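Working through the structure, step by step
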Amino acid sequence: MKKILLIQTGGTIAMNAKGAGVELDPEAWSKVLYEEIPELNEIAEISTFPLFFEDSSDLNASHWMQLANCVEEKYEAFDGFVILHGTDTMAYSASALSFGLKNLGKPVIFTGSQLPMSSIRSDARRNLVNAIELATMDFKEVGICFNDALYRGNRATKMSIGDFDAFGSPNFMPLADIGIQIQANVLEQFGSGKLENRAHYSDEVFVLTAHPNLNPELLTGLDLGKIRAVILRAFGSGNFCVKGEKSLLPFLDRCRDAGVVVAIVSQADYDSVDLTQYSAGRAALKHGAISGNDMTLEAALTKLMFLLAHYDAKSDIEGLFQQSLVGEL
Ligand code: ASP
């Protein structure tokens, strides 16, 4: 029987409905897990590891590093890993780990739930059982298991606040579809050497959302001496205001002069940025920006954080950002 390590990090799946909201409740969680789902042991030999208990909106790179260290330390002892995690930033953590765990050769499956485990209509049981089963299979990458699918971690994004079907992977097919049978669609491995824990992430990235009537003067206060990359969330295929006093091009020039990488992703979930299509995109290219292609914001952001922590030269960072490292493009 396969050995699976269940790593608890918090989120709704570790919470209890109390009064008007939900609260983290480690004791209730483990009681439900062991007493109410004894069948879990029919799927795999499961060990649990309570790493931390946090709402995922409180997580940062230090938590991603703790997760990567945990997988690295337990790597030889287990066949697969399931990480219980809040849904709000699950796609960020999964993307970050996909870059940080080089040559991953075992499944690392994130899951969580929209309702606490103890709630009668909870999706926690189903997601947990599916994630554990997926962790016994041949996937060799970081995934997110939710509702009826396994998604590539760095392709997934939270799409719904209220539906049980909370995640989607707009630009890449699910790694697996979960029905009566689990149907694996993609079994890929990125790098085949020894697992290398490269989970270090910079916080010198700033995300700017373009919107109509954005006042570029608000950006003059940004200290570009403390920023090494800006992600511009543009409209459609990579457009933003390039005319008149609201033009963002002078800001792009300031970034270029300060040696700051400017990467453009789209506010639209589906399809790819194409900076050659409209004059705004062509201007962006001329003023030094690069394309995030079809990357999710989560993937583009954690990839830049990862690259900035490992490389100094802007040209290296820009070159690697535009290459697929672990299937994120
Ligand atoms: N706020 C929770 C979290 O991300 C939401 C959830 O788990 O669904 O930790």
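See the structure shown above.
First, a word on what this report is: a plain description of the structure on this page.

**Side note on the overall build of the protein**
- Along the protein, the regular secondary structure elements total nine helices and 18 strands.
- The C-alpha atoms of the protein give 21 Å as radius of gyration, which agrees with the globular expectation for 329 residues (20 Å, within 12%).
- Projected onto the principal axes, the alpha-carbon positions of the protein cover approximately 65 × 50 × 35 Å.
- Burial analysis of the protein (329 residues in total) assigns 53% to the buried set.
- Summarising the internal contacts of the protein: among those between residues at least 6 apart in sequence, 73% fall at separations of at least 24.
- Accessible area of the protein: about 14,400 Å², with a carbon and sulfur share of 48%.

**Examining the environment of Tyr278**
- Locating Tyr278 in the fold gives a position in the loop between β17 (261–266) and α7 (279–286).
- Assessed through its relative accessible area of 45%, Tyr278 is described here as partly exposed.
- The residues contacting Tyr278, other than those within four sequence positions of it, are Ser237 and Asn239.

**Focus: helix α8 (residues 297–310)**
- Here α8 is 14 residues long and its end C-alpha atoms lie 20 Å apart, about the 20 Å a rise of 1.5 Å per residue gives.
- Of all 14 residues making up α8, 12 are buried, and the element is well covered by its neighbours.
- Every buried residue belonging to α8 is among Leu297, Glu298, Ala299, Ala300, Leu301, Thr302, Lys303, Leu304, Met305, Phe306, Leu307 and Leu308, and all of these are buried.

**Some words on the pairing of strand β9 (residues 149–152)**
- Of the two faces of β9, the one holding Ala149 and Tyr151 and the one holding Leu150 and Arg152 are both buried throughout.
- Direction of pairing for strand β8 (residues 142–146) relative to β9: antiparallel, over a ladder of four bridges. The partner of Phe146 across the bridge, within β9, is Ala149.
- Between β8 and β9, which pair antiparallel in sequence order, lie two residues; one of them, Asn147, sits at a positive phi of approximately 60 degrees.
- Across two bridges, the pairing between β9 and strand β12 (residues 176–178) is antiparallel. Paired with Ala149 across the bridge in β12 is Asp177.

**Description of the sheet that holds strand β7 (residues 108–111)**
- An order of β4-β1-β5-β7-β8-β9-β12-β13 is seen for the eight strands of this open sheet, with the pairing classed as mixed. The open sheet has two free edges, formed respectively by β4 (45–54) and β13 (182–184), since each of these has just one partner strand. Strand-to-strand twist in this sheet, taken as the mean axis angle between neighbours without regard to direction, amounts to 20 degrees.
- Along the sheet, helix α3 (residues 61–74) contacts β1 (3–10), β4, β5 (80–84) and β7; its crossing angle with β4, the most-contacted strand, is approximately 160 degrees.
- Sheet contacts for helix α4 (residues 90–100): β5, β7 and β8; angle to β8, the most-contacted strand, approximately 155 degrees.

**Focus: helix α9 (residues 314–321)**
- All buried positions along α9 are accounted for by Ile317, Glu318, Leu320 and Phe321.
- Considering only its buried residues, α9 is in contact with β17, β18 (290–291) and α8.

**Focus on the side chain of Arg152**
- Position of Arg152 among the secondary structure elements: in strand β9.
- By relative accessible area, which is 2% here, Arg152 ends up buried.
- A polar side-chain atom of Arg152 sits 3.0 Å from a polar atom in the side chain of Glu188.
- Those residues in contact with Arg152 that sit more than four places away from it in its chain are Glu141, Val142, Phe172, Leu175, Val186, Glu188, Phe190, Val326 and Gly327.

**With respect to the site of the ligand**
- Close contacts around the ligand come from Gly11, Thr12, Asp55, Ser56, Gly86, Thr87, Asp88 and Ser113, and that covers them all.
- Between the ligand and Asp55, the relevant distance is 2.9 Å, taken from a nitrogen atom to a side-chain nitrogen or oxygen of the residue.
- Starting from 270 Å² of accessible surface for the ligand in isolation, the protein chains cover 89%.
- In the shell around the ligand, the residues fall into no nonpolar, six polar and two charged.

**A word on the nonpolar core**
- Ranked by size, the top nonpolar core spans 57 residues in total, and within it Ile7, Val108, Phe110 and Leu304 carry the most contacts.
- Per-element tally for this core: the top contributor is α8, with nine residues.
- With residues up to four places along the chain from it excluded, the contact list for Leu304 reads Val205, Ala229, Ile231, Val261, Ala263, Ile317 and Phe321.
- By size, the runner-up hydrophobic cluster in this structure holds 24 residues, among which are Leu214, Leu219, Ile227 and Leu232.

**Looking at the packing of aromatic side chains**
- Across all of its chains, the model carries five aromatic pairs by this definition.
- Note on Trp64 and Tyr201: the rings are 5.2 Å apart at their centroids and 85 degrees apart in plane angle, and the pair reads as edge-to-face. Note that Trp64 is positioned in helix α3 and Tyr201 in the loop between β14 (196–197) and β15 (205–209), a separation of 137 residues in sequence.
- Summarising the aromatic geometry, the rings of Phe99 and Phe306 are spaced 6.1 Å apart at their centres and angled 25 degrees between planes, so their arrangement reads as stacked. In this pair, Phe99 sits in helix α4 while Phe306 sits in helix α8, placing the two residues 207 residues apart along the sequence. For the pair Phe99 and Phe306, a shared accessibility class is recorded, and that class is buried.

Conventions used here
- Along each chain, numbering runs from 1 in the same order as the chain's sequence is written.
- Residues qualify for local features only when their pLDDT is at least 70, as the model is predicted, and side-chain atom pairs are given and counted only at 80 or more; totals for whole chains, interfaces and linings, by contrast, use all residues.
- With hydrogens and water set aside, each side-chain value is computed from the structure's full complement of heavy atoms.
- Numbering of helices and strands runs from the N terminus, with a helix taken as a DSSP run of H or I at least four residues long and a strand as a DSSP run of E at least two residues long.
- The globule rule is 2.2 Å times the number of residues to the power 0.38, and the radius of gyration it is compared with is taken over C-alpha atoms.
- Think of it in three bands: with a 1.4 Å probe and only protein chains considered, a residue is buried below 20% of the maximum accessible area for its type, exposed above 50%, and partly exposed in between.
- A contact between two residues is defined here by any heavy atoms of the two lying within 4.5 Å.
- Computed by Shrake-Rupley with a 1.4 Å probe, the accessible areas treat only the displayed protein chains as cover when residues are assessed.
- In this analysis, the expected span of each helix is defined as 1.5 Å times one less than the number of residues it contains.
- DSSP-based pairing: two strands are paired if at least 2 bridges between them are found.
- Geometry is summarised by axes, namely lines fitted to C-alpha atoms with helices restricted to the contacting stretch, and by angles between N-to-C directions that run from 0 to 180 degrees.
- Any N or O atom pair separated by 3.5 Å or less is treated as a polar contact, with the protein-specific requirement of one donor-capable and one acceptor-capable atom, and with residues adjacent in sequence counted only for side-chain atom pairs.
- Distances are taken per atom, and a residue is near a molecule or strand as soon as one of its heavy atoms is within 4 Å of it.
- Think of it as three bins: nonpolar holds Ala, Val, Leu, Ile, Met, Phe, Trp, Tyr, Cys and Pro, charged holds Asp, Glu, Lys and Arg, and polar takes everything else, Gly as well.
- Among the buried residues, those of types Ala, Val, Leu, Ile, Met, Phe, Trp, Tyr and Cys that are joined through side-chain atoms within 4.5 Å form a nonpolar core.
- Pairing of aromatic side chains requires ring centres within 6.5 Å, counting the rings of Phe and Tyr and the six-membered ring of Trp. Pairs whose planes differ by under 30 degrees are stacked, by over 60 edge-to-face, and all others tilted.

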